Amino acid sequence: MLLLALAYAGGIAWARFAAAALWTPPNWQLAAAGLLIVFATLSRKSYSVSCAASLAAAFLIGLAQANLGTPQLLELLQPELQNQQVEITGVVTRASLPMLEQALRYSDPQSSLPEIYQQIDVLTSQVRLLDDGEHASPRTMTLGVRVSNYQGVDTDDAPGASIPSGIQYGELVRIRGRIRLPQEYQNPGAFDYRRYLLEQGICAVLSASPGGLEVLPGTGGSLAGRTRDRVRRSLLQHTLGLQSSNQSGVFAVTRSDTALLAAMLLGERSLLDEQAKIDFQRTGSYHLLVVSGMAVAVLGFTIFLLLRAIRLPETVATLLSALGLAAYISVTDLGAPVQRAALMCAAYLLARLFYRERNALNAVGIAGLVVLAADSRSLFDAGFQMTFIAVLTIAGIAIPILERSTRPRRAALYQLDALGYDLHLEARQAQLRVMLRMMLGRLEQLLPRWIARLLLLGGLRAVLRTAELILVSALMQVALAAPMAVYFHRATTLALPANLVVVPLVSVLLPTAMATTLLSYGAAWLAWPGKCFTAILLHATQAGVFTFAHLRGAEWRVPDPPAWTVAFCMAALVACISFAKRAPRLSLCALTALGIGALLLVNARHPDTLPGQLEITAIDVGQGDSLLVVLPDGKTLLVDGGGTLGANTSGFDIGEDVVSPYLWARGFSHIDAVALSHAHGDHIGGLSAVLKNFHPGELWISPGPSTFALNSLINQSRAARMKMRTRVAGESFEFGGARFDVLAPALDVNPSTQRDNDDSMVLRVSFGKFFSKVAGDTEKKTERRIALDVGPINLLKVAHHGSSTSSIPELLSHAKPQFAVISVGRLNRYGHPTAQVLQRISQAGGCIFRTDLEGALSFYLDGTRMEAVHWGRE
């Protein structure tokens, strides 16, 4: 079954990556598969021929399914609706937990506005353009729209442990707001968020206007969906209700504890503290923080063991466990990944009824086939790949190794006094039992019999169990090193010891917390003992994660690995599975190769640069600035890190989710210097993540008044022992084979009490006969002062995203730029770049490039001329 699943997956992959897959239509491929199945049936006497035909048929069926694709059930957003004010009417298909947020202003951390935020998915029935007037007829449209709804609240009514009612599944709503396509960043290595949402049935996003949401009479959706939503909300209410009135002590359950439980048990991550997420990620134990394969497996097998403990037949216990898993995943909020994990767990439980040897690889193959048959796109999902590799590693490598090493020894410890049992064991097991009896005889002369047995037999069992846990954890970390590097750019150095401490605790915590939550429906006193035990386990888990997460070197961020290293790791994994049962020496060699592959993932990639050339890249960060400068000798400088103006309430970090993936896609794991033009949110917002991920050696800033964001960045750089350099007008220095002249800000200018655009650092970069001007958001006052100093330049980074307050004619007449690049967000609310600025640059002879149209823009300069320009995801 595993080979059939791999052949089926091979057909799906061939359809995605091979142009030859389109040479024949899907019905021909299905017909050929049918003929191969008939041939395989008729060739039963020749086992190899029958197997080859069956595998070829599975390959063709997977190919046909992928070529047929998934039918598009919903419409797509029409171009005339893009970025328009609309009124949508429809039914709520998903509603997140409403949560209280403090909308901090970036300039004043003491100023805040409490709001309740809720994310809502709506399946529309009607859409009306507000520009058409109140009496215009709405259009009948079926769109999947994700709505962000903010609602102001009175601080006296701020929610505590209870859940605000908010919008619920199945309600009919009418919402006004601005609709648009999901934000897409055109950079190499950028995550395709638009496609990700489209696969969930979401084709547009909408920001609800204040007071623009109205609940209509009636209900929609399905009865099962409404029941599921009520059950989920009730479980969340009781989980959060475990919070203790006394917030101190080892037995107290705090608000952060209940947020952690809501994430672990029900997949509700909206209440989690951001630092808790980072700590679990740094220790490689983030899978414990959400409803993952491990959580599903722990709860599934707990149900099974409890049912067997009350003497239910194995068949009944297995079926009831599978039904219990189905009921559990229906109330979680993580969709396909949890469903796949439950399916694999159920397949393994059911396979136990049919295979005496409990062939785990068959169970993995069955689960993989069912998942891929249900949705072929799952093959390219990171969650499916990691779940499949993890289960495959346990079933194909860990179990065969344990069956040869620790399990025979654990079996030898069973009924040690039964001499007749020795006859049914292997010689080495019988010899071990004889030795243990002799040792026990000596110990019992010194200690009471029960203490001697506890020390010797209990100690041996503990050592063997610990060895098994170490082996499985180590194999999992090495096997998952490739997908962790490819999808998450992480090499968790302390994952093994962290998981050794945390996994056993969580294995007990999950069933205990679930049982405590269910008991709380009866009476508070029934749940009290479980709540105390849950609090102890939670505090121990958090203490272990916190300790490992804050050790130096707990996490290593790595660039995109070369394709050959990933292929090497996968080949080594296949070799490990192939040799695990049959050839111990070859298995050891394959495991060694797998370990070497994990090391190559970290060290084999080198940055993609052109030696001897100056590169200036405007990274597409939307309505913000971030420029990468690669110097002729290979040194790197990042000017600004993008971000957002105002409070970032979405949890989306431009530095972590946009700038860093671009740098990793280019092969960078270190940046030599970072320059901050000025401390506005759209320039400084992403730099904190860049400093954590790339450990620059220097931070360049301009003089001016301090802000909360700037002080935080400076403290972070000092903690990382970076060199701080304040750049002022008049400075000239060599860096990386190029000359830098600082044109602004002047040291003698009296800055305002708040950060101003004219506080921006302006750099003139010279390489050979090539000159470039890099600026932040300078406006007329500064541009008039530096116009004569700029001189003729080849490349101009247009200030302030093309605002009419910058790029004055006086500056352009002196600069006469050959090329101009504007970093600007698509359809931004400021109207940047303005028509006046575009006209001025064109009249000055400049060829204009824009990140909102072309994506990332890379200019390569050999010192005499522009060598090349690359744009988009190229």
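Residues numbered from 1 in each chain as written. Predicted model: local features only at pLDDT ≥ 70, side-chain atom pairs only at ≥ 80, totals over all residues. Heavy atoms only, no water.

### Quick word on the packing of aromatic side chains
Condition: Centres within 6.5 Å make a pair out of two Phe, Tyr or Trp rings, where for Trp the six-membered ring is used; the pair is then stacked when the planes are under 30 degrees apart, edge-to-face when over 60, and tilted otherwise. Every helix listed is a DSSP run of H or I at least four residues long, and every strand listed is a run of E at least two residues long, numbered separately from the N terminus. Relative accessibility thresholds used throughout: buried, under 20% of the residue-type maximum; exposed, over 50%; partly exposed, between the two (1.4 Å probe, protein chains only). Charge over a ring is defined by NZ of Lys or CZ of Arg lying within 6 Å of the ring centre and within 35 degrees of the ring normal.
Summed over all chains, the structure comprises 17 aromatic pairs. Pairing Trp700 with Phe733 gives two aromatic rings, centres 5.3 Å apart and planes at 90 degrees, and the pair type is edge-to-face. Highlighted residues: Trp700 in strand 14 (residues 698–701) and Phe733 in strand 16 (residues 732–735), separated in sequence by 33 residues. Exposure class is identical for Trp700 and Phe733. Each is buried. Their ring planes at 40 degrees and their centres at 6.2 Å tell us that Phe819 and Phe849 sit as a pair that is tilted. Within this pair, whereas Phe819 is found in strand 21 (residues 819–822), its partner Phe849 is found in strand 22 (residues 847–850), the two being separated by 30 residues in sequence. Look at Phe819 and you get buried, because its relative accessible area is 14%. Connected via pairs of aromatic rings, a cluster forms that spans Trp700, Phe733, Phe735 and Phe740. Looking at Arg727, its charged tip hangs above the ring of Trp700, at a distance of 4.4 Å from the centre. Its guanidinium or amino end placed over the ring of Phe733, Arg727 lies 3.9 Å from that ring's centre, counting from NZ or CZ.

### A word on the nonpolar core
Note the cut-off: Residue types Ala, Val, Leu, Ile, Met, Phe, Trp, Tyr and Cys, when buried and joined through side-chain atoms within 4.5 Å, form a set referred to as a nonpolar core. Any two residues having at least one pair of non-hydrogen atoms within 4.5 Å are treated as being in contact.
Of all hydrophobic cores here, the largest spans 39 residues; its most connected members are Met264, Val296, Leu509 and Leu510. Mapped onto this core, the elements with two or more residues apiece are helix 5 (223–240), helix 6 (255–266), helix 8 (293–309), helix 9 (314–330), helix 10 (336–351), helix 17 (495–519) and helix 18 (524–549). The biggest single contributor to this core is helix 6, with seven residues. The residues contacting Leu510, other than those within four sequence positions of it, are Met264, Leu265, Ala295, Val298 and Leu299. Counting 36 residues, the second-largest nonpolar core is a separate cluster that includes Met476, Leu480, Leu573 and Leu594.

### Details of the packing of helix 12 (residues 382–404) against helix 19 (residues 563–579)
Keep this limit in mind: The angle between two axes is taken between their N-to-C directions and runs from 0 to 180 degrees, where each axis is a line fitted to C-alpha atoms and a helix contributes only its stretch in contact. Here the term charged refers only to Asp, Glu, Lys and Arg, the term nonpolar to Ala, Val, Leu, Ile, Met, Phe, Trp, Tyr, Cys and Pro, and the term polar to all other amino acids, Gly among them.
Their axes nearest at 9 Å, the elements helix 12 and helix 19 cross at an angle of 35 degrees. Contact with helix 12, carried on its side by Ile389, Leu392, Thr393, Gly396 and Ile397, involves Met570, Leu573, Cys576 and Ile577 of helix 19 and no other residues of that element. Classifying every residue of the contact of helix 12 with helix 19 by side-chain character gives seven nonpolar, two polar and no charged.

### Some details on the sheet that holds strand 11 (residues 627–630)
Sheet strands line up and pair through hydrogen bonds in the backbone, either parallel or antiparallel. Our working rule: Only strands that DSSP links by at least two bridges are regarded as paired with each other.
Read from one edge to the other, the open sheet built from eight strands follows the order 15-14-13-12-11-10-23-24, with strand pairing classed as mixed. Of all the strands in the sheet, the pair left with one neighbour each is strand 15 (723–726) and strand 24 (866–871). Strand-to-strand twist across the sheet, computed as the mean angle between neighbouring axes with direction ignored, equals 15 degrees. The sheet contacts of helix 24 (residues 708–719) involve strand 14 and strand 15, and relative to strand 14 the element is tilted by about 155 degrees.

### Let's talk about the environment of Leu206
Following the sequence through the fold, Leu206 ends up in strand 7 (residues 204–219). C-alpha of Leu206 to C-alpha of Pro529: the two residues are 323 residues apart in sequence and 46 Å apart in space. Discounting chain neighbours no more than four positions away, the residues touching Leu206 are Val86, Ile88, Val145, Arg146, Val147, Ser148, Ile175, Arg176, Gly177, Arg178 and Ile179.

### Quick word on the confidence of the model for the protein
Rule in force here: Every residue is assigned a pLDDT by the predictor, reflecting its confidence on a scale from 0 to 100.
On average, residues of the protein score 86 in pLDDT, and 92% of them are at 70 or above. Ignoring residues within four places in sequence, the model shows residues 102–112, a span with pLDDT below 50, making 19 contacts including any to other chains. When the criterion is pLDDT under 50, residues 155–163 qualifies, and its contacts beyond four places in sequence or with other chains add up to 17 contacts.

### Notes on the side chain of Ser626
So the rule is basically this: We define a polar contact as two N or O atoms separated by no more than 3.5 Å, with the added condition that, inside protein, one atom must be a possible hydrogen donor and the other a possible acceptor, whereas residues neighbouring each other in sequence contribute only through side-chain atom pairs.
For Ser626, the position within the fold is in the loop between strand 10 (614–618) and strand 11. Within polar-contact distance, the side chain of Ser626 engages the backbone oxygen of Asp640 at 3.0 Å. Discounting residues that sit within four places of it in the chain, Ser626 has contacts with Thr617, Ala618, Ile619, Val621, Leu638, Val639, Asp640, Gly641, Gly642 and Val659.

### Some words on the sheet that holds strand 21
Spatially, seven strands are ordered 16-17-18-19-20-21-22 in an open sheet, and the strand pairing comes out mixed. The sheet terminates laterally at strand 16 and strand 22, the two strands that pair on one side only. Pairwise comparison of adjacent strand axes, ignoring direction, gives a mean angle of 20 degrees for this sheet. Across five bridges, the pairing between strand 18 (residues 762–767) and strand 19 (residues 770–774) is antiparallel.

### A short note on the layout of surface pockets
Filter applied, for reference: A pocket here means an open set of points on a 1 Å grid, computed over the protein atoms alone, that has protein on both sides within 12 Å along at least five of seven lines. A cavity is instead a set of points where a 1.4 Å probe fits but cannot get out; residues with an atom within 4 Å of a point line either one. Grid points are joined across faces, edges and corners, and a volume is the space filled by probe spheres set on the points.
Here the second largest pocket defines a volume of roughly 350 Å³. Ile303, Gly324, Tyr328, Met514 and Leu518 are the residues nearest the centre of the second largest pocket, which is lined by 15 residues in total. When residues of the lining of the second largest pocket are traced back to their parent elements, those giving at least two are helix 8, helix 9 and helix 17. Among the residues making up the lining of the second largest pocket, the classes are represented as 13 nonpolar, two polar and no charged.

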